[in-house]
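Here's the letter readout for the chains.
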Amino acid sequence: MRKKLVEFRNVSFRYGDEGPWVLKNCSFEIYENEWVAIIGHNGSGKSTIAKLLNGLLFPQEGEIIIDGKQVNEESIWNIRKEVGMVFQNPDNQFVGATVQDDVAFGMENRGVPREEMNKRISETLKAVRMQDYRLTEPHRLSGGQKQRVAIASVLAISPKVLILDEATAMLDPSGRKEIMETVGSIQDQRGLSLITITHDLQEVVQADRVIVMNNGELWKESTPREIFTQKEALRKIGLDVPFVAILTEELKHAGVHLGAAPLNHEELLEDLWTLHSRT
Amino acid sequence: MDITFENVTYIYQQNTPFAHKAIQDLSFHIESGSIVAIIGHTGSGKSTLIQHLNGLSVPTEGEVRIGEYRLSQEHKPKDMKELRSRVGVVFQYPEHQLFEETVAKDIAFGPQNFGVPEAVIKERIKDVIPAVGLSESVLERSPFDLSGGQMRRVAIAGVLAVKPDVLVLDEPTAGLDPRGQKEIMDMFYRLHNEQDLTTVLVTHSMEDALKYADRILILNKGTKFMEGTPEEVFSQKEALQSVQLDVPEMVQFLNRFEEKFGQQIPFRNQSVEEIAQMIQQIIKELNQDE
């Protein structure tokens, strides 16, 4: 059986005692070696979920279980070893005077021996293709480069759960692709749970499963393929579907009916080819 | 206002061991009233280019002309402030620059600095609030109580209240959800047309460049790599890929369609609906031939 790494049980959260509920009775599970994308309009509660996952916030109602342990004041220091998080703005997550100091910071806090630290710095900087910048001062890096270092810093701690909270939003398309490929291969190798909070539809397509948030509620939970057949419903809640899904729908209007909903160019072209050679 | 770069080179920290050439021998022209998208991957010189548009940087070599303002080592405008009131820059994540107690005060901050009289500022606030899609009820609220999308609109209103002729947008949709992205871009497009602006859009989104820009300028390693209309630029897939840039998804798809079916659907910035109809037609013809 797959191991459950993250569980939300009827979680509700609001800022302060009087504020509106930003999360309402949310329940979901995320497994080992699974990639889950969380999407939703701005203010739908996505980032609140991320902050609850490693105890930056605590829910007023319900409970959150990470790798069998409930997240609370006593457990957060252990939980944070398991849950690595990369935020949107790299400028807010730098502490070191050089790139390698920055990657080392998290490991120092966790008492990783020096030899091992050196090894992991090389490994993770190589994984994000920043190995040539070990001694560079962070403020001399571009936004995309900073973000790659931030991801390396988190990977160096070998978390079981890796959360990217719009971590690629500030990168250019090729930077974005690199990061997603890097993160995807690391997820495969280490079997960690990967949670990506994103507006990028190409990132969503790569995930195993999608959680759609709307106004603090879990609106839907399914595979990307199933989710993206619901163009109208998604647009109503401020989201969109990828080009392939839009083209599939327009083809249907033009009288070309494809079988299952294709998710990418290959699948769509293959479906068209089958259709053409069948008739 | 017309914008011209003539053999512009910019070197950061010149004559130090840290000297770094961010822009090299860059020449291009932006016609008054047009929308030009500037595309390039991280580190290609886009941000440095923007800083030249309102005199935050002055070329190390060469000359920048914005309307009648000239920026070069020989000609530094005496009154940089005047130039800055004509060129409004919406930086990345402009909502991070909000600081005042109320939305109204925040919007007023820019024009106050340029010496616009209070009465005029009041009028302008009344104009810009609906222009950015906000209602007057937010004016007395703290900008920090608003949603991210609303905060960005407030920051943009602050730039518009200065009444610039040139609007420079540095990745204006970053971090917004799909609806927010579309709303903000449609808003800029409307403002561009209504206020006869010259708009410089720095973006990573090939889709936005395709949809909104009259011309596209591709930067690579601090210099011009390619320039032209969206159709011209995006038909050069190999060249773009050589500098790690992609073509819009629709163009990618059309290329792959041609590879598979041996039939070309020329890219003319069509709608998805038109593409679907052309595919339907091709499949129908292929079937009839057999």
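To be clear, the structure that these remarks concern was listed above.
Residues numbered from 1 in each chain as written. Chains lettered and ligands numbered in written order. Predicted model: local features only at pLDDT ≥ 70, side-chain atom pairs only at ≥ 80, totals over all residues. Heavy atoms only, no water.

S.K.: Can you walk me through the overall build of chain B in this structure?
M.R.: What chain B contains, in helices and strands, is 11 helices and 10 strands. The 290 residues of chain B split such that 54% are buried. At a minimum sequence separation of 6, the contacts of chain B that also span at least 24 residues come to 62%. Carbon and sulfur atoms make up 45% of the accessible area of chain B, which amounts to about 13300 Å² in all. Separation between the mean location of the 29 positive side-chain charges and that of the 44 negative ones in chain B comes to 3 Å. (Helix = DSSP H or I, 4+ residues; strand = E, 2+ residues; numbered from the N terminus. Buried < 20%, exposed > 50% of the residue type's maximum accessible area, 1.4 Å probe, protein only. Contact = heavy atoms within 4.5 Å. Areas by Shrake-Rupley, 256 points an atom, 1.4 Å probe, with all protein chains shown as cover. Lys, Arg positive; Asp, Glu negative; His and termini not counted. Charge placed at Lys NZ, Arg CZ, Asp CG, Glu CD.)

S.K.: Looking at this model, I keep getting lost on the pattern of salt bridges. Mind explaining?
M.R.: If charged atoms from side chains of opposite charge come close, those side chains can pair. Overall, the coordinates contain 30 salt bridges over all chains when judged by the stated rule. Here A:Glu266 makes a salt bridge to B:Arg256, at a shortest N to O gap of 2.3 Å. Highlighted residues: A:Glu266 in helix α11 (residues 265–278) and B:Arg256 in helix α10 (residues 249–261), drawn from two different chains. Residue B:Arg256 is classed as partly exposed on the basis of its relative accessible area of 28%. Between B:Glu183 and B:Arg153 there is a salt bridge, with the nearest N and O atoms lying 3.1 Å from each other. Here B:Glu183, found in helix α6 (residues 178–194), pairs with B:Arg153, found in helix α5 (residues 148–160); they are 30 residues apart in sequence, far enough to count as distant. The class for B:Glu183 is partly exposed, based on a relative accessible area of 40%. In this structure B:Arg153 comes out as buried when scored by relative accessible area, which is 12%. When salt bridges that share partners are traced, they join A:Lys3, A:Asp67, A:Lys69, A:Glu82 and A:Lys160 into one network. (Salt bridge = Lys/Arg side-chain N within 4 Å of Asp/Glu carboxyl O.)

S.K.: Explain the sheet that holds strand β2 (residues 20–30) of chain B here, please?
M.R.: The pairing of strands in a sheet comes from backbone hydrogen bonds and takes either a parallel or an antiparallel form. All names here are of chain B. Here four strands make up an open sheet; going across it, the order is β2-β1-β4-β5 and the pairing antiparallel. Edge positions in the sheet fall to β2 and β5 (69–71), since each has one partner strand and no second. Taking each pair of neighbouring strands and ignoring which way they run, the sheet shows an average axis angle of 20°. In the packing of helix α1 (residues 46–53) onto the sheet, contacts are made with β1 (3–12), β2, β4 (61–66) and β5, and the angle to β1 comes to roughly 120°. (Pairing = 2+ DSSP bridges. Axes fitted to C-alpha atoms, helices over the stretch in contact; angles between N-to-C directions.)

S.K.: Help me understand the environment of A:Lys51 in this model?
M.R.: All names here are of chain A. Of note, Lys-51 is situated in helix α1 (residues 46–53). A relative accessible area of 28% means that Lys-51 is categorised as partly exposed. In the structure, Lys-51 is positioned 34 residues away from Met-85 in sequence and 9.0 Å away in space, judged by C-alpha atoms.

S.K.: What is the right way to read the side chain of A:Ser12 from this model?
M.R.: All names here are of chain A. Its place among the elements puts Ser-12 in strand β1 (residues 4–14). Here Asn-25 takes part through its backbone nitrogen, which lies 2.9 Å from a polar atom of the side chain of Ser-12. If sequence neighbours within four positions are ignored, Ser-12 has contacts with Trp-21, Leu-23, Lys-24, Asn-25, Pro-59, Gln-60 and Glu-61. (Polar contact = N/O pair within 3.5 Å; in protein donor to acceptor, adjacent residues only side chain to side chain.)

S.K.: Could you clarify how one ought to interpret the packing of aromatic side chains in this entry?
M.R.: Considering all chains together, one arrives at 10 aromatic pairs over all chains under this definition. Ring centres 4.6 Å apart and planes at 15° place the aromatic pair B:Phe257 and B:Phe261 in the stacked group. Here B:Phe257 and its partner B:Phe261 are both found in helix α10, four residues apart, which amounts to about one turn of the helix. Take B:Phe257: its relative accessible area is 0%, and that puts it in the buried class. Take B:Phe261: its relative accessible area is 8%, and that puts it in the buried class. Across from the ring centre of A:Tyr31, 4.1 Å away, lies the NZ or CZ of A:Arg2, which sits over that ring. (Phe/Tyr/Trp six-rings, centres within 6.5 Å; stacked < 30°, edge-to-face > 60°. Lys NZ or Arg CZ within 6 Å of the ring centre and 35° of its normal.)

S.K.: Please clarify how the sheet that holds strand β5 (residues 69–70) of chain A should be interpreted in this entry.
M.R.: Residue and element names in this part refer to chain A. Ordered in space as β2-β1-β4-β5, the four strands form an open sheet in which the pairing is antiparallel. Lying at the two open borders of the sheet, with one neighbouring strand each, are β2 (21–31) and β5. For β1 and β2, the ladder comprises seven bridges, and the chain directions are antiparallel. Residue pairing across strands places Val-6 opposite Ile-30, the latter belonging to β2. Each of β1, β2 and β4 (61–66) touches α1; the most contacted strand, β1, lies at about 120° to it.

S.K.: Explain the interface of chain B and chain A to me, please; I cannot follow it from the model alone.
M.R.: When the parts of a complex come together, some accessible area is lost, and that lost area is often taken as the interface size. Taken together, the 36 residues of chain B in the interface contact 42 residues of chain A. Counting the surface lost from both chain B and chain A, the interface buries some 3400 Å², and carbon and sulfur atoms represent 61% of this. It is B:Glu249, B:Phe253 and B:Lys260 that lose the most area in chain B upon contact with chain A, and together they represent 18% of the buried surface on that side. Linking chain B to chain A there are 10 residue pairs in polar contact (both at pLDDT 80 or more). (Buried area = accessible area lost by both parts, 1.4 Å probe.)

S.K.: Please clarify how the nonpolar core should be interpreted in this entry.
M.R.: Proteins that are soluble and globular tend to have nonpolar side chains buried together. If you look at the biggest cluster of nonpolar residues, it comprises 89 residues, and the most contacted ones within it are A:Phe228, A:Leu247, A:Leu272, B:Phe234 and B:Ile279. In terms of residues, this core owes the most to one element, helix α11 (residues 272–289) of chain B, which gives seven residues. When residues of this core are assigned to domains, at least three fall in each of domain 1 (3–244) and domain 2 (248–290) of chain B. Excluding residues that lie within four positions of it along the chain, B:Ile279 makes contacts with A:Leu247, A:Leu251, A:Leu272, B:Phe253, B:Phe257 and B:Ile265. Membership of the second largest hydrophobic core comes to 36 residues, among which are B:Val116, B:Ala155, B:Ala157 and B:Met187. (Core = buried A, V, L, I, M, F, W, Y, C linked by side-chain atoms within 4.5 Å. Domains from an automatic or database assignment.)

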